[in-house]
Amino acid sequence: MDSFLDRFCIIFLTFGSQNVRGTVLKVGLAQMWSVPNITQNTLNIVEWIEKANSQGVQVLAFPECAISSYNISYIKTLSAANFDEAAEKISQASKKYGIAVVVGTPGYYKPGDRAFPSANGRLFNQAWIFDENGRLMYRYSKQGLAGWDGQGDSAWAAPGYELSTFSLLGVNMSVMICHDSRFPEITRLPVMAGARLVFMISDEAASPSKEDNYKAQIQARAEENMVWVAHVNTPYFPGCLPSNPVCSHGQSLFASPNGNVTESPIGSVTEEELLVYALDIAEASAGNTMEALRSDYSYHSWWQQALSHIGHAV
């Protein structure tokens, strides 16, 4: 039987082996609503890419399940062909405007994917990464499944197999999806592998009593790793009630490597909007994370063992 680390490996996509020191990257967060209509959502995503182009955005991120909406009954009706058609339209817009895109969507296992043997024919809760040339370069599958992702009668998603590191525009990055943020290692290991910007895409269950807690988690992942975290979250949909656990609460934000939320406005709770911020990648030293690799620290060997399982793909 494979060890835990053999199964829970990281894929490290190296399109530039190191971050460009002094790089300032203009990142956009498209805090958008989605409805149970993949065609309409895809058209809206293309429009957001067009808007981002007018503001000079280089990398644009969308919430969890932006392509489908987080409507479980609807997700289960969609085919691989539906997702392929959406991917093609997003790819065309990405290529047309030269904007890299990180977008949330369900997605089926594809031959050649690194996944558990039982993954064939399974749905995953994914983030698709398109480079600035419109190439769909990677599909990350959510590891930390919330209750309605992968438990109980409503379960629809299989757990992901690998953590993610990828390079866009010379900057090494990673991505996590919603409940992933409760697992600090899902951020720390990719940062050890070189990521200096981590996207967090979500459709968080609305709970006014926990909104500050959610924000604190994002700030903690940034500060403890000394990297940028860009969080995009679905806003309340019109007519949504706080008592509905499927409703989300917006408040997208950028957390700097010192853990502070940037002076860029935090997204509203209820409105669609595009947040844009110029990130100085040189500020992301990853100092705390890399310190954990000191040979005289007792857990040094554990991290080294984990890092020895990093895969490389192009």
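Residues numbered from 1 in each chain as written. Predicted model: local features only at pLDDT ≥ 70, side-chain atom pairs only at ≥ 80, totals over all residues. Heavy atoms only, no water.

A. Spotlight on the overall build of the protein. Along the protein, the regular secondary structure elements total 9 helices and 13 strands. Classification of the 314 residues of the protein by burial places 54% in the buried group. Considering only residue pairs separated by 6 or more positions, the protein has 73% of its internal contacts joining residues 24 or more positions apart. Of the roughly 12600 Å² of accessible surface on the protein, a fraction of 51% belongs to carbon and sulfur atoms. (Helix = DSSP H or I, 4+ residues; strand = E, 2+ residues; numbered from the N terminus. Buried < 20%, exposed > 50% of the residue type's maximum accessible area, 1.4 Å probe, protein only. Contact = heavy atoms within 4.5 Å. Areas by Shrake-Rupley, 256 points an atom, 1.4 Å probe, with all protein chains shown as cover.)

B. A look at the packing of helix α2 (residues 38-54) against helix α4 (residues 80-97). With their axes 10 Å apart at the nearest point, α2 and α4 run at an angle of 10° to one another. One finds that α2 runs roughly parallel with respect to α4. Between α2 and α4 the crossing geometry is right-handed. Counted together, Ile38, Thr42, Ile45, Val46, Ile49, Glu50 and Asn53 of α2 and Asn82, Phe83, Ala86, Lys89, Ile90, Ala93, Ser94 and Tyr97 of α4 form the full contact between these two elements. (Axes fitted to C-alpha atoms, helices over the stretch in contact; angles between N-to-C directions. Parallel < 35°, antiparallel > 145°, perpendicular 65-115°, else oblique. Left-handed = near helix turned anticlockwise from the far one by under 90°.)

C. Representation of the pattern of salt bridges in the model. One pass over the full model with this rule turns up 5 salt bridges. In this structure, Asp131 engages Arg135 in a salt bridge whose closest nitrogen and oxygen atoms are separated by 3.3 Å. By relative accessible area, which is 8% here, Asp131 ends up buried. Judged by relative accessible area, Arg135 falls into the partly exposed class, the value being 37%. Taking the shortest distance from any N to any O, the salt bridge between Asp296 and Arg294 comes out at 2.6 Å. Take Asp296: its relative accessible area is 54%, and that puts it in the exposed class. The partly exposed category is assigned to Arg294, whose relative accessible area is 38%. (Salt bridge = Lys/Arg side-chain N within 4 Å of Asp/Glu carboxyl O.)

D. Looking closely at the environment of Trp156. Its location among the elements puts Trp156 in the loop between α5 (147-150) and β7 (162-168). In this structure, the C-alpha to C-alpha distance between Trp156 and Asn125, residues 31 residues apart in sequence, is 8.6 Å. If near-sequence neighbours (up to four positions away) are discounted, Trp156 is found in contact with Cys65, Tyr70, Ile72, Ile75, Lys76, Pro106, Leu123, Phe124, Asn125, Trp148 and Asp149. Within the structure, Trp156 has its side chain in polar contact with the side chain of Tyr70 (distance 3.4 Å). (Polar contact = N/O pair within 3.5 Å; in protein donor to acceptor, adjacent residues only side chain to side chain.)

E. Expanded view of α4. The end-to-end C-alpha distance of α4 is 26 Å, a good match for the 26 Å that 18 residues give at a rise of 1.5 Å each. Within α4, burial applies to Phe83, Ala86, Ala87, Ile90, Ser91, Ala93 and Ser94. Along α4, the residues classed as buried sweep out an arc of 170° about the axis, all on the same side. Those residues of α4 that are exposed and angled more than 90 degrees off the buried face are Ala81, Lys95 and Lys96. Tucked into the core, α4 has its buried residues touching α2, β4 (100-108), β5 (123-130) and β6 (136-141). (Expected span 1.5 Å × (residues − 1). Arc of directions from axis to C-beta.)

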